[in-house]
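# Fold and geometry: a report
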Amino acid sequence: MKTKITGHTKMVCLLGSPVAHSISPAMHNESFAELGLDYAYLAFDVAEEAFDRAVDGLLSLGAAGWNCTMPLKRLMLRRCDILSDSARLTGAVNTVVNENGVLHGYNTDGYGFMQSMADAGFEPKGKKLTLLGSGGAAAAILAQAALDGVSAVDIFARPGSASTRLMAEELERIRRTAGCSCALSLYDLADTEGLKKSLQESYALINASSVGMAPHTDVSLITDPSLLHPALAVGDVIYNPKETLLLSQARQRGCPAFNGLYMLLHQGALAFRLWTGQDMPLEHIRRKFFNAV
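As a starting point, this report considers the structure included with it.

Conventions used here
Residues numbered from 1 in each chain as written. Predicted model: local features only at pLDDT ≥ 70, side-chain atom pairs only at ≥ 80, totals over all residues. Heavy atoms only, no water. Helix = DSSP H or I, 4+ residues; strand = E, 2+ residues; numbered from the N terminus. Buried < 20%, exposed > 50% of the residue type's maximum accessible area, 1.4 Å probe, protein only. Core = buried A, V, L, I, M, F, W, Y, C linked by side-chain atoms within 4.5 Å. Salt bridge = Lys/Arg side-chain N within 4 Å of Asp/Glu carboxyl O. Pairing = 2+ DSSP bridges. Contact = heavy atoms within 4.5 Å. Axes fitted to C-alpha atoms, helices over the stretch in contact; angles between N-to-C directions.

Turning next to the environment of Ser-181. As for its position among the elements, Ser-181 is in the loop between α7 (162-176) and β9 (183-188). The exposure class of Ser-181 is exposed, given its relative accessible area of 69%.

Below, the structure written as structure tokens:
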């Protein structure tokens, strides 16, 4: 189906750098066409120094909303008037809804991963997770896991890095959140004994770092595969390659495993619903774009 531009077409878009590789325009425009919605989705390569000008332009043009990817997610937070719990807890915004000049900021990345986990047949509510990494994906997953009722999360990251310092700040934000009963702990990634204990107690291990992503596919943050046990589900936010070294290690140890392919689908589906009020035709989009990835 083709998208037809009219004088009433509402614009949504992606801001970030780089964005040329993104499948979001194809995914959203196909969804608009499938449902007969008069929207169009574009991608704009926007550097940090041009960020405020870009947002001012979108406001002037009356854009219905937009996505932000790296390096703009934290910058977008300060431009929003109203924040969702997930955006407030992560300190980053990847989805914006423009309601007559009032900007509502959301972070749909964590939702996307937790939905992909459910797709794979796993239900972590009331259970403990072990999380590897301290970057944006880790922050989003941590916030959503806490909001979804996960009982505890142990985060293992490299000490001293800027992302780990931001993760420590996020942990404090979540701990201060009324009604949040999720127990949160931050550990040094080199703490092998601590990691072993955490994995013995956890329902799932999630790699939220970029370690293992193409073209560097021969590495894993789990240097001792014997730490993995068959009762442990293992997930990876990476989907290129489809099976990272970590997932290969997990399968060899008898662990059920899943990758991050459908994280992208589900985070986009939530953004789509926030903009249009309608559900993305998930099965159609899954068949057309994701089965071939």
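You can see Ile-82 is positioned in strand β4 (residues 82-83). Sequence separation between Ile-82 and Val-96 is 14 residues; the distance between their C-alpha atoms is 9.8 Å.

Phe-113, Leu-129, Leu-131, Leu-142 and Val-153 are the most contacted members of the largest nonpolar core, which has 29 residues in total. Every element with two or more residues in this core is listed here: α5 (109-119), β7 (128-132), α6 (136-147), β8 (152-157), α7 and β10 (204-207). With six residues, α6 is the largest single contributor of residues to this core.

Under the defined criterion, the tally for this structure stands at 14 salt bridges. In this structure, the salt-bridge partner of Asp-279 is Arg-273, at a minimum N-O distance of 3.6 Å. Given the relative accessible area of 53%, Asp-279 is considered exposed. Ionic pairing is found between Arg-286 and Glu-283, a salt bridge with its closest N-O pair at 3.3 Å. Of this pair, Arg-286 and Glu-283 both sit in helix α11 (residues 282-290), three residues apart, which is roughly one turn of that helix. In this structure Arg-286 comes out as buried when scored by relative accessible area, which is 14%. For Glu-283, a relative accessible area of 45% gives the class partly exposed. One continuous salt-bridge network, built from bridges that share partners, spans Asp-52, Asp-56, Arg-78 and Arg-79.

This part takes up the sheet that holds strand β5 (residues 95-99). Paired through backbone hydrogen bonds, the strands of a sheet run either parallel or antiparallel to each other. Reading across the sheet, the six strands line up as β2-β1-β3-β5-β6-β4 and stay open at both edges, with mixed pairing between neighbours. Because the sheet does not close on itself, it has two edges, and the strands there are β2 (39-45) and β4. In the sheet, strand β1 (residues 10-16) pairs with strand β3 (residues 65-68) via four bridges, with the strands oriented parallel. Looking at β3, one finds that Cys-13 is bridged to Trp-66. Where helix α2 (residues 51-61) meets the sheet, it contacts β1, β3, β5 and β6 (102-106), and its direction lies at approximately 175 degrees from that of β1. Across the sheet, helix α10 (residues 261-276) is in contact with β1, β2, β3, β5 and β6; its angle to β5 comes to roughly 5 degrees.

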